[in-house]
Each structure stands twice: as C-alpha cells, then as structure tokens.
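# Secondary and tertiary structure notes
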Amino acid sequence: KQIIGQKDFLTLRDLSTDTILDLLESAEKIKEKLQAGVEYTPLKGKTLGMIFEKSSTRTRVSFEVGMLQLGGHALFLSSNDIQIGRGETISDTAKVLSEYIDGIMIRTFGHDKIEELANAATIPVINGLTDTYHPCQALADLLTIKEIKGSLKGLKLAYIGDGNNVVHSLMLACAKTGIDIAIASPKGYEPDADIVKFAEEAAEIQGSKVLVTQSPIDAIKDADIVYADVWTSMGYEQENITRLEVFKPYQINAELIKHAKPNYLFMHCLPAHRGEEVTGEIIDGPNSVVFHQAGNRLHAQKAVLVDLLS
Ligand code: CP
Ligand code: NVA
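Only a predicted model underlies this, so the values are computations on that prediction, with no experimental measurement involved.

The next thing to look at is the site of ligand 1. Around ligand 1, the neighbouring residues are S56, T57, R58, T59, L129, Q137, C269 and L270. For the shell around ligand 1, the class distribution of residues is 3 nonpolar, 4 polar and 1 charged.

In structure tokens form, the structure reads like this:
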C-alpha cells in the first residue's frame, strides 16, 4: 500500500510522523535487499525525468542509479538543453513530460516553480532541492541517524550556519520524529519564521524542541549530532564575500565541538568547504559520517521512488 498518500514529494510538511517512519523502514528494507544481492525491480519499464536548473553530484547520481537498480530508467534533463532554458513554460513542460514518462525529479530555484510543475503534471513530482526545501536530503539524514544511533526520539541535533533549504527540511524531519533541533544562525540569516513556527507545532506533539539562536555554543551544547551546510548556497554566489565574513564565528572546529557530546556525529549534506563551515579535522575526523550519509541518499530516495512510481 502507498505510504506517502499523495501524488508528489515536495516537502515534509504534509507528511505525518508515521509516514516518515514508514518511509525509513521501507528504505532500510530496500537497502538490505541491495546489500544481500537480491534483485528488486518494481519499477521495470518506468522512466524518471530529472530536470536540473542547478548543479548536482549526489542527487543526480543517486536518482539515476536508484532508478536503474529498481529496474527503471532515468533521463538527465539539464535546463540548459531542454526548452525550459529558452522560455517554454513550466506548465507546458510538465504536461508534455506527463505524456512520456512516469515521474519527474526537479532541482530548481523558487519553491513556487516546483509547485507549478506538480500542479500541471499528471505524474508524480519529487523535489531534488529548491531554494526553500531539500526533503530527500532530510530523509536520508534521518535514515543515517537511525542506523547509527538506533533510534531518533530524544536525540539532540545542532545545526550551525545558514537558515537555508537544508535546515528547513531537517527541522521538519526532526520535529516530526521527536529529535530536538537547535539552530544557530547569524542575524539576518535565520531559517524562515513560518517554517520554524510550523516545526515548533509539530515538535510540541512529539514532546521535542526547536531552538533558534544566534549562539553556536548554546546550540551545540550536549548535541548528539552536529550538522553543517555551506555558507553560500547555489543561487547566492554574489553574496559570497559578505557571507564569508558574517559566518566566520559559525565555523564548526575543535574548539566549538568541545561543547557537543563526546560521541557526537558530524553530518553535512555536502558539498563541503573545508576551512569555511567546518575544519578538515572535524569533517575528516572519527565522528564524521558524511559519506555514509551521502550513500543513504540512494536508499532513502529508492523508497520514495517505489512509493510514488509503482
Ligand atoms: N547534498 C546534495 O544534494 O548534493 P548535490 O548538490 O551534489 O546533489
Ligand atoms: N544549501 C545548499 C545545499 C546543496 C546540496 C545549496 O542550496 O546550495
């Protein structure tokens, strides 16, 4: 039976706690099959179109490989090469692609664009990152935490840095699964206030907390998981010089990490900039799980693909 219960996977907002936990369980089972060498091809004959308006390594490769492993096929559609780049509307593109393929994964800028695409498409649309959300990342992050820590509820995650797409989805993921999340961002770079409010309400039901502060030390105190993302996200490159200055006190380094629990996990969605948001010592150190985390993109997304496309 279908887990997600809706056509698209655009944000974690509308997904219940049980839905998220069921998706994680499905991802674990799909991962076990792969590791045991058991063929599992429920998407035989199915095709996923992958539209990219921004660069990608993990998302592109994990979706393409995921489709292949599930018996289907993926098409890489760079926005420079398809007619979207020359002004064909999103909604015409959605309607045309709906005639050929079984699902669309898109990485784009404004979240309104993915909503427009999903509304016009008759096939499922999966969010491969917008300026506001990155739900596939958050799902893979939960899978990683669950695998390593054994459970989710009651843990504390500290996110230090830009209040961006990654932390928006991570905040919803944590709130809905009972993980306390503490976010430290510089003034003017806080996460979106509406999403924070939404997450706070979800956290209250789980008996967990959402803290937004400007103090990295307050956020990281006794954290089980310490999470970082780049200081300058794709699309914000012109702000890079200012951001390098503003975010300097938010670097995760040996000094700051002393305030986390000794057995903390270090996580990062990647790509990383060593010497900016995190020092090499931490991201390449014994507590870092960033490559395990990147690997889980494949397994988490396969659960979404099977659920929406089969
Ligand atoms: N974390 C992530 O989405 O990586 P890519 O930009 O390489 O897809
Ligand atoms: N916040 C980053 C994440 C990249 C995976 C960006 O949007 O560029």
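Entries for the protein chain in the domain assignment read domain 1 (17–133 + 296–309) and domain 2 (137–293). Spacing between the C-alpha centres of domain 1 and domain 2 amounts to 25 Å. Counting residues at the interface gives 18 residues for domain 1 and 18 residues for domain 2. Of all elements in the fold, only α1 (17–36) and α12 (290–309) reach the threshold of two or more residues within the side of domain 1 that touches domain 2. Among the elements that make up the side of domain 1 that touches domain 2, the one with the highest residue count is α1 (5 residues). Of the residues belonging to the side of domain 1 that touches domain 2, the class tally is 8 nonpolar, 6 polar and 4 charged.

Attention now moves to the UniProt feature "binding site: L-ornithine" (unreviewed entry) in the protein chain. Following the UniProt record, one finds the feature "binding site: L-ornithine" (unreviewed entry) at N165, D229, S233 and M234. The largest pairwise C-alpha distance within this set of annotated residues, which runs over 70 residues, is 11.6 Å, so the set is compact in three dimensions. Among the secondary structure elements, N165 is positioned in helix α6 (residues 165–177). A count of 26 C-beta atoms within 10 Å places N165 in the buried class. With residues near it in sequence (within four places) discarded, N165 still touches L129, T130, D131, T132, Y133, H134 and S233. Relative to the assigned elements, S233 resides in the loop between β8 (225–228) and α9 (240–246). Taking the number of C-beta atoms within 10 Å as the measure of exposure, S233 has 18 and is therefore partly exposed. Apart from residues no more than four positions distant in its own chain, S233 is found in contact with D162, N164 and N165.

Rules used throughout
Residues numbered from 1 in each chain as written. Chains lettered and ligands numbered in written order. Predicted model: local features only at pLDDT ≥ 70, side-chain atom pairs only at ≥ 80, totals over all residues. Near = placed C-beta within 6 Å. Nonpolar A, V, L, I, M, F, W, Y, C, P; charged D, E, K, R; others polar. Domains from an automatic or database assignment. Contact = placed C-beta atoms within 7 Å. Helix = DSSP H or I, 4+ residues; strand = E, 2+ residues; numbered from the N terminus. UniProt positions renumbered as here; feature names shortened; annotations may be inferred. Buried ≥ 20, exposed ≤ 12 C-beta atoms within 10 Å, placed from the backbone.

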